Amino acid sequence: MIRYLVLFFVISNSTLFADLREVFLGDQEVEFYMDGVPKPIVIEKNNPASGYYYVGTHDIHGDYLFDFPNTDPIVMVFDNYGTAVYFDKPIENPRPRDFISEFKFLNDSIIVFHNLNDGTFWLHDQNMLFLRKVRMDYFFTDMHGIQMDEEGNFYMMSYPYISMDISDVYEDVDEQALVFGAHVQILGPDNKPIFNWSSFDHLGIDEIPDYMVPKLVQNPEYFDYCHINTIDIVSDTSILISLRNMNDLIWIDTEDGSILHRMGLSKKNEFEFTSKVDGEIPEFYQQHDSRMIDDTTLTVLDNGTFGPNDYSRVCIYDVDFENKIAELVKVYRNKPDIFGQIMANAQTLENDNIVTGWGSGTPGITEFHADGSIESMIWIEGASYRAYKFDKMPTCLTSDKEQLDFIRDGENDILSNGIIVKNNYHQDLTINQIELNTQNFTLDTELPIEIKQGEEFRFTFSFQGKKIGEYEDIATLSANFGNKRIATQVKLNAQSKVVSVNSKNEIQAIYPNPVQDIINLKFNNNFTQDIKIEIYSIRGDLVFQEHLGIQSAGLKSKLINTSNLPSGFYLLVIEGEISKEEFKFIKQ
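Attention in this report is confined to the structure presented alongside it. (Residues numbered from 1 in each chain as written. Predicted model: local features only at pLDDT ≥ 70, side-chain atom pairs only at ≥ 80, totals over all residues. Heavy atoms only, no water.)

1. Details of the overall build of the protein chain
Here is step 1: Secondary structure summary: the protein chain contains 2 helices and 49 strands in total.
Here is step 2: Oriented by its inertia axes, the alpha-carbon framework of the protein chain measures out at about 105 × 55 × 45 Å.
Here is step 3: Per-residue burial for the protein chain yields a buried fraction of 55% across its 588 residues.
Here is step 4: Within the protein chain, contacts between residues at least 6 apart in sequence are counted, and of these 59% link residues at least 24 apart.
Here is step 5: Side-chain charges in the protein chain split into 47 positive and 91 negative, and the spacing between the mean points of these groups amounts to 8 Å. (Helix = DSSP H or I, 4+ residues; strand = E, 2+ residues; numbered from the N terminus. Buried < 20%, exposed > 50% of the residue type's maximum accessible area, 1.4 Å probe, protein only. Contact = heavy atoms within 4.5 Å. Lys, Arg positive; Asp, Glu negative; His and termini not counted. Charge placed at Lys NZ, Arg CZ, Asp CG, Glu CD.)

2. Some words on the nonpolar core
Here is step 1: By size, the foremost hydrophobic cluster in this structure holds 42 residues, and its most contacted members are Tyr54, Phe406, Ile419, Phe459, Phe461, Leu477 and Leu492.
Here is step 2: It is strand β42 (residues 484–496) that contributes the most residues to this core, 5 residues altogether.
Here is step 3: Ignoring sequence-local partners within four residues, the contact set of Phe459 consists of Asn417, Gly418, Ile419, Val421, Ile431, Leu443, Thr445, Leu447, Ile449, Ile451 and Leu477.
Here is step 4: Formed by 35 residues, the second largest nonpolar core is a distinct cluster that contains Leu203, Met212, Ile250 and Ile252. (Core = buried A, V, L, I, M, F, W, Y, C linked by side-chain atoms within 4.5 Å.)

3. Description of the pattern of salt bridges
Side-chain pairing between opposite charges can occur once the charged atoms of the two side chains come close.
Here is step 1: Using the criterion set out here, one finds 22 salt bridges in the structure.
Here is step 2: With a closest N to O distance of 3.5 Å, Glu31 and Lys39 form a salt bridge.
Here is step 3: On the basis of relative accessible area, Lys39 is assigned to the partly exposed category, the value being 24%.
Here is step 4: Lys389 is paired through a salt bridge with Glu367; the nearest N and O atoms lie 2.7 Å apart. Of the two residues, Lys389 sits in strand β32 (residues 383–390) while Glu367 sits in strand β30 (residues 365–368), which places them 22 residues apart along the sequence. In this structure, Lys389 and Glu367 share a single accessibility class: buried. (Salt bridge = Lys/Arg side-chain N within 4 Å of Asp/Glu carboxyl O.)

4. Here's the deal with the layout of surface pockets
Here is step 1: The volume enclosed by the largest pocket comes to roughly 1300 Å³.
Here is step 2: The wall of the largest pocket is formed by 34 residues, among which Phe105, Gln347, Thr348, Glu350 and Phe390 lie closest to the centre.
Here is step 3: Only β8 (100–105), β12 (147–148), β19 (228–235), β24 (289–292), β28 (345–348) and β32 provide two or more residues apiece to the lining of the largest pocket.
Here is step 4: If you tally residues by element for the lining of the largest pocket, the top one is β28, at 4 residues.
Here is step 5: Its residues assigned to classes, the lining of the largest pocket comprises 14 nonpolar, 7 polar and 13 charged. (1 Å grid on protein atoms, 1.4 Å probe; cavity = no way out; pocket = protein on both sides within 12 Å on 5 of 7 lines; lining within 4 Å. Points joined across faces, edges and corners; volume = space filled by probe spheres on them. Nonpolar A, V, L, I, M, F, W, Y, C, P; charged D, E, K, R; others polar.)

5. Observations regarding the pairing of strand β6 (residues 74–78)
Here is step 1: Along β6, 5 of the 5 residues are buried, which leaves the element largely enclosed by surrounding structure.
Here is step 2: Covered by surrounding structure in β6 are Ile74, Met76 and Phe78 together with Val75 and Val77, the residues of both alternating faces.
Here is step 3: Looking at chain direction, β6 and strand β7 (residues 84–88) are connected through 4 bridges and run antiparallel. Its bridge partner being in β7, Phe78 is matched across the sheet by Ala84.
Here is step 4: Taking the residues that link successive antiparallel strands as the turn, the β6-β7 hairpin has 5 residues, and the phi of Gly82 there is positive, at about 85°. (Pairing = 2+ DSSP bridges.)

6. Concerning the environment of Lys39
Here is step 1: In this fold, Lys39 is placed in the loop between β3 (37–38) and β4 (41–45).
Here is step 2: Taking C-alpha positions, Lys39 is 18 Å from Val23, a pair spaced 16 residues apart along the chain.
Here is step 3: Non-local contacts of Lys39, meaning those with residues more than four positions away in its chain, are made with Val30, Glu31, Phe32 and Tyr33.

7. Comments concerning the packing of aromatic side chains
Here is step 1: Going through the model one piece at a time under the given rule, you end up with 30 aromatic pairs.
Here is step 2: Every member of this aromatic cluster is reached through a ring pair, and the members are Tyr54, Phe103, Phe105, Phe113, Trp122, Phe130, Tyr388 and Phe390.
Here is step 3: Residue placement shows Arg333 over the ring face of Tyr311; its charged tip is 3.7 Å from the ring centre.
Here is step 4: Seen from the ring of Phe105, Lys392 lies directly overhead, with NZ or CZ sitting 4.7 Å from the centre. (Phe/Tyr/Trp six-rings, centres within 6.5 Å; stacked < 30°, edge-to-face > 60°. Lys NZ or Arg CZ within 6 Å of the ring centre and 35° of its normal.)

8. Description of the sheet that holds strand β46 (residues 542–551)
Where strands meet in a sheet, backbone hydrogen bonds hold them as pairs that are either parallel or antiparallel.
Here is step 1: Spatially, the 4 strands line up as an open sheet ordered β46-β45-β48-β49, and their pairing is antiparallel. With partners counted over all chains shown, the strands left at the sheet margins are β46 and β49 (580–587), one partner each. For this sheet the average axis-to-axis angle between neighbouring strands, irrespective of direction, equals 15°. (Axes fitted to C-alpha atoms, helices over the stretch in contact; angles between N-to-C directions.)

9. Description of a nonpolar patch on the surface
Here is step 1: Side chains of Ile538, Phe569 and Ile586 sit close together on the surface and give an oily, nonpolar patch of about 330 Å² of accessible area.
Here is step 2: With respect to the secondary-structure elements, Phe569 resides in strand β48 (residues 568–576). (Patch = residues over 30% accessible without salt bridge, like charges linked within 9 Å, V, L, I, M, F, W, Y side chains within 5 Å. Areas by Shrake-Rupley, 256 points an atom, 1.4 Å probe, with all protein chains shown as cover.)

10. Some thoughts on unusual backbone geometry
Here is step 1: A cis amide bond links Lys335 to the next residue, Pro336, at an omega of 0°.
Here is step 2: With respect to the secondary-structure elements, Pro336 resides in the loop between β27 (325–332) and β28.
Here is step 3: Here the bond from Asn513 into Pro514 is cis, since omega is 10°, no more than 30 degrees from zero.
Here is step 4: Within the fold, Pro514 resides in the loop between β43 (506–511) and β44 (518–525).
Here is step 5: You will see that Met128, though not glycine, has its phi angle at about 60°, which is positive.

11. Section: empty space enclosed by the protein
Here is step 1: Evaluated as defined, the whole model comprises 4 cavities of 30 Å³ or more.
Here is step 2: For the second largest cavity, the calculated volume is near 60 Å³.
Here is step 3: Lining the second largest cavity are Pro38, Lys39, Pro40, Val55, Thr57, Ile74, Met76, Phe78, Trp379, Ile380 and Glu381.
Here is step 4: Of all elements in the fold, only β5 (52–58) and β6 reach the threshold of two or more residues within the lining of the second largest cavity.

12. Section: a negative patch on the surface
Here is step 1: Taken together, Glu171, Asp172, Asp174, Glu175 and Glu221 make up a surface patch of like negative charges.
Here is step 2: Mapped onto the elements of the fold, Glu175 is located in the loop between β14 (160–165) and β15 (176–180).
Here is step 3: A relative accessible area of 41% means that Glu175 is categorised as partly exposed.

13. Topic: the sheet that holds strand β11 (residues 130–134)
Here is step 1: Pairing in this open sheet of 4 strands is antiparallel, and the strands run β8-β9-β10-β11 from one edge to the other. Among the strands making up the open sheet, the edge pair consists of β8 and β11. Here the strands of the sheet are splayed against their neighbours by 20° on average, with no regard to which way each runs.
Here is step 2: As defined by bridge partners, strand β10 (residues 120–124) adjoins β11 across 4 bridges and the pair is classed as antiparallel. What sits directly across from His124, in β11, is Phe130.

In structure tokens:
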């Protein structure tokens with residue numbers, strides 16, 4: 001009789017996993033939004049793709065995992081700065097080893113995560129309104145993954161097990177073993193299965209690679225000879241599954257269940273591995289995530305567990321299915337290396353960046369440019385089963401504008417602008433926090449502001465930048481209550497073509513005006529500060545600059561030679577650390 005069970009596969013005695021907290025964070029302390037909800041820390045940020053990271057974190061720990069005693073099972077969405085725009089604790093009173101996995105957009109409009117507490121996938125709309133739960137027919141629904149095709153069919157997996165005598169295959173086992181297999185089910189929109197595939201019908205327990213045999217036979221009560229962890233929809237009639245303990249990737253025909261291809265280190269591997277990447281072995285070990293990017297390009301998250309490497313990596317293969325050759329053409333590794341021995345994934349974005357969730361490795365997320373350079377590295381205080389990035393956030397709160405523009409040119413200034421925020425959530429919300437990444441903008445609207453369900457409110461921002469140049473920021477308006485945060489964001493963009501006049505200093509005289517060659521400047525410096533003098537043309541071009549250095553308070557005089565300047569209107573700027581002042585003059 002086939003039974004089913006959720007199985008945590010954590011092999012003991014890991015001596016290679018190191019605590020990298022000090023390496024990446026040093027003395028920096030992790031802050032928390034509330035009890036059990038840590039703030040992500042952006043360690044490195046260059047030019048990551050626009051969008052939002054989606055993670056489900058937890059404190060589950062073992063020999064491969066950090067111990068995160070202060071982190072609850074949560075779902076979180078945050079931006080490139082590490083600012084959370086949504087989080088929640090879906091599990092009330094979590095039990096030991098409860099956690100959330102597969103938090104992502106399932107399609108363009110459905111957000112999903114797996115709740116290990118009840119063994120189901122929870123479906124939500126973009127406003128995070130709960131829609132329904134999805135589970136497999138008969139089998140326990142495993143947390144390793146779910147996919148959905150265009151017809152609304154769900155692809156899920158399970159770990160069925162049978163009790164059997166395996167001593168004829170593995171003579172060291174002289175007792176009945178509980179053999180765990182892999183089951184794949186396609187569930188129709190009507191919750192009726194339309195396809196079932198079982199490893200017991202297609203894969204023998206004697207096909208596992210030799211290096212895995214001693215690790216499995218030592219515990220015959222959990223002889224997990226497959227350990228399925230990925231389903232990828234390849235076409236209308238085929239899927240790709242990843243079997244970690246079999247060390248195989250298997251392509252399956254979803255019309256008759258036949259095996260189309262097998263690639264890996266099992267005794268039934270059909271492919272020759274080659275590599276064009278210097279210093280990298282072509283094979284993968286204990287992989288956790290595998291996806292077909294196009295007809296011949298395959299990504300594999302190679303955990304590297306039990307292999308010759310002491311690091312994890314993302315492998316890109318060019319697959320020749322006809323000649324059965326898998327060529328390793330690209331490898332993505334963190335700097336320094338990360339060894340995430342269980343969990344983890346690699347997602348290819350539209351701009352070809354690779355988002356890697358390192359699972360049990362730390363820090364939790366690295367986003368790579370296609371050329372292998374690091375665009376972003378983020379510390380997650382909690383193990384993240386997988387990490388994803390999407391170009392949109394939940395729409396519980398929305399604004400009528402994606403960007404607010406400001407300008408200071410001395411004539412058509414727009415120093416104040418606003419957005420209208422609508423509450424699409426299923427209850428009233430109180431906006432009680434504003435987060436900005438710089439001090440160049442401020443929120444003029446006084447918080448808190450309550451927005452009834454379905455209603456709107458206008459929030460006003462001001463530009464505070466003082467110098468000539470371009471300014472950018474992102475404002476996050478959030479409602480924080482209970483175990484949740486719900487937020488919306490707006491980009492802030494400003495151009496300052498003239499210097500802001502915000503000074504207690506006074507220009508006593510600038511003469512003659514108009515000037516022919518020499519400006520005689522007198523100004524009262526009210527503060528001891530570092531001073532520089534700049535002259536700008538009417539177009540805003542810097543045509544003169546002189547650094548005066550630290551100047552004590554008091555009346556100051558300065559002669560400026562303008563003989564090389566063409567005739568026209570100019571702006572003279574006195575800029576200090578505390579004060580700035582401008583004065584217009586004419587050059588004859």
